[in-house]
Amino acid sequence: HAKRLGVDSFQQFTTEIGEALHSRLALENDIRTALAEEQFSLHYQPQYDAQRRVQGFEALARWRHPTRGWVSPAEFIPVAESSGLIVELGLATLALLRRDLDGWRVRGINCPTVAINLSWEQCRKPQHRERFLQQLRSLRLEPQDVEFELTESADFEDIDTPDSFIFTLQGLGYGLAIDDFGTGYSSLAYLRRMRCRKLKIDRLFVHGLSANADSHMLVESVVRVAHAMRMVVVAEGVELPADEAALVTMGCDLMQGFGFCRPVPPEEVAQLLVT
Ligand code: C2E
Ligand code: MG
Ligand code: MG
Ligand code: MG
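Residues numbered from 1 in each chain as written. Chains lettered and ligands numbered in written order. Predicted model: local features only at pLDDT ≥ 70, side-chain atom pairs only at ≥ 80, totals over all residues. Heavy atoms only, no water.

Identification of the protein chain as Diguanylate cyclase (GGDEF)-like protein from Roseateles asaccharophilus is taken from an unreviewed UniProt entry.

1. Let's talk about the overall build of the protein chain
Regarding its fold elements, the protein chain presents 10 helices and nine strands. Against the 2.2 N^0.38 benchmark of 19 Å for 275 residues, the protein chain shows a C-alpha radius of gyration of 21 Å, consistent with a compact globule. Once the C-alpha set of the protein chain is aligned to its principal axes, its extents read approximately 70 × 50 × 40 Å. Looking at the 275 residues of the protein chain, the share that counts as buried comes to 47%. Pairs at least 24 residues apart make up 68% of the contacts formed inside the protein chain by residues separated by at least 6 positions. (Helix = DSSP H or I, 4+ residues; strand = E, 2+ residues; numbered from the N terminus. Rg over C-alpha atoms; globule rule 2.2 N^0.38 Å. Buried < 20%, exposed > 50% of the residue type's maximum accessible area, 1.4 Å probe, protein only. Contact = heavy atoms within 4.5 Å.)

2. Some details on the site of ligand 1
The immediate surroundings of ligand 1 are formed by 22 residues, with Arg62, Asn117, Asp179, Glu239 and Phe258 found nearest. Between ligand 1 and Glu239 there is a distance of 2.5 Å, counted from a nitrogen atom to a side-chain nitrogen or oxygen. Between Phe258 and ligand 1, the recorded distance is 2.7 Å, taken from a backbone N or O atom to an oxygen atom. Within the complex, 82% of the 810 Å² of free accessible area of ligand 1 lies under protein. Elements with a contribution of two residues or more to the shell around ligand 1: β2 (54–65), α2 (73–83), α3 (86–106) and β6 (176–181). (Near = heavy atom within 4 Å. Polar contact = N/O pair within 3.5 Å; in protein donor to acceptor, adjacent residues only side chain to side chain. Areas by Shrake-Rupley, 256 points an atom, 1.4 Å probe, with all protein chains shown as cover.)

3. Overview of the coordination of the magnesium ion (ligand 3)
Note on metal geometry: ideal angles are 109.5 degrees for four donors arranged tetrahedrally and 90 or 180 degrees for six donors arranged octahedrally. Of the protein atoms, only Thr151 (OG1) and Asp180 (OD) coordinate the magnesium ion (ligand 3), at distances of 2.5 to 2.7 Å. Separation of the magnesium ion (ligand 3) from the magnesium ion (ligand 2) amounts to 4.3 Å. Here Asp180 lies in strand β6 and Thr151 lies in strand β5 (residues 146–151), a separation of 29 residues in the sequence. Judged by its relative accessible area of 31%, Thr151 is partly exposed. (Donors = N, O, S within 2.8 Å, 3.2 Å for Na, K, Ca; no water.)

4. Some thoughts on the pattern of salt bridges
Overall, the coordinates contain 15 salt bridges when judged by the stated rule. Across the pair Arg98 and Asp102 runs a salt bridge whose closest N-O atoms are separated by 3.1 Å. Placement of the pair is Arg98 and Asp102 together in helix α3, with a separation of four residues, close to one helical turn. Residue Asp102 is classed as partly exposed on the basis of its relative accessible area, which comes to 27%. The structure contains a network of salt bridges with shared partners spanning Glu58, Glu149, Lys200 and Glu236. (Salt bridge = Lys/Arg side-chain N within 4 Å of Asp/Glu carboxyl O.)

5. Looking at the coordination of the magnesium ion (ligand 4)
In this structure, Asp179 (OD), Asp180 (OD), Glu236 (OE) and Glu236 (OE) serve as the protein donors to the magnesium ion (ligand 4), at separations of 2.0 to 2.5 Å. Ordering the donors of the magnesium ion (ligand 4) by residue number gives the pattern D-D-x55-E.

6. Focus on the packing of aromatic side chains
A complete count under the given rule lists eight aromatic pairs for this structure. On the numbers, 4.9 Å between centres and 70° between planes, the contact of Tyr44 with Trp104 is edge-to-face. With a gap of 60 residues between them, Tyr44 in strand β1 (residues 40–48) and Trp104 in helix α3 connect regions that are remote in the sequence. Taking the relative accessible area as the measure of exposure, Tyr44 reaches 0% and is therefore buried. (Phe/Tyr/Trp six-rings, centres within 6.5 Å; stacked < 30°, edge-to-face > 60°.)

7. Some thoughts on the layout of surface pockets
Of the pockets and cavities examined, the largest pocket occupies roughly 1300 Å³. Glu58, Leu60, Asn117, Asp179 and Asp180 are, among the 45 residues lining the largest pocket, the residues nearest its centre. For the lining of the largest pocket, the secondary-structure elements that each account for two or more residues are β1, β2, α2, α3, β4 (114–118), β5 and β6. Tallied by class, residues from the lining of the largest pocket come to 17 nonpolar, 13 polar and 15 charged. (1 Å grid on protein atoms, 1.4 Å probe; cavity = no way out; pocket = protein on both sides within 12 Å on 5 of 7 lines; lining within 4 Å. Points joined across faces, edges and corners; volume = space filled by probe spheres on them. Nonpolar A, V, L, I, M, F, W, Y, C, P; charged D, E, K, R; others polar.)

Now the structure itself:
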């Protein structure tokens, strides 16, 4: 009997793996189609200073699947990364930003610098880096137009190599931000060496910080360290007025979160800039 059970659960196990693999491959194919048929767009989430003035935006990829509707980046970004499609998606994202910047410009809207998320998979291979730089050049995306966010990760070790893409981008004048700070593995030594312009504290530490002594202490310390390194500090995921007040008291430079504004389509960016 025990043996039978084992065989059954093994079959169920392989069926589950088969299904997971199938849906992953289906998603991969759907992303390929979505790139070809231009189903992706960008939404923009504003970043506010202590006076609640918009000082910048983060561009976030959005995918409207023809049958499934909106698919979350939490679902398609990891698949795009593991399949290598993130390279194409990253180039498409720059083209979408160019289109939106042009649209704003013809309407007389002067948009502050937009941050684009960059995946480590886009930075690893020389031919991918070169295509990215080529795309920036041919779209004429200048350092005042765009900056880049890189999620803190163990890959920060890559910056030891002299031809690091981070330094290439910085050398061209582009601003860089460390994203989701506090969730990865980077050490203070890497922080110092990278000389990024911005540090974005992950919402894991931000949400509810005014009522949580540990979070409050951690965020306050990070703000102080970042400022000592002349970095601009951005708090992510600010939802509560009490957290906003605490962040302002700490001297946190910029805040981003549903408490201020959700990511909006490009048509809605103009009304956020008139204050
Ligand atoms: P991220 O770069 O940390 O972006 C912030 C995420 O937090 C966004 O989720 C945003 O909608 C969400 N968010 C903002 N404020 C709040 C808040 O107050 N509360 C909560 N609960 N969430 C908030 P989204 O758009 O689903 O993106 C998820 C992740 O997918 C991003 O995290 C980023 O790592 C990745 N991603 C999105 N677009 C791109 C892209 O174009 N390229 C790459 N490589 N990654 C992208
Ligand atoms: Mg980001
Ligand atoms: Mg991120
Ligand atoms: Mg983040």
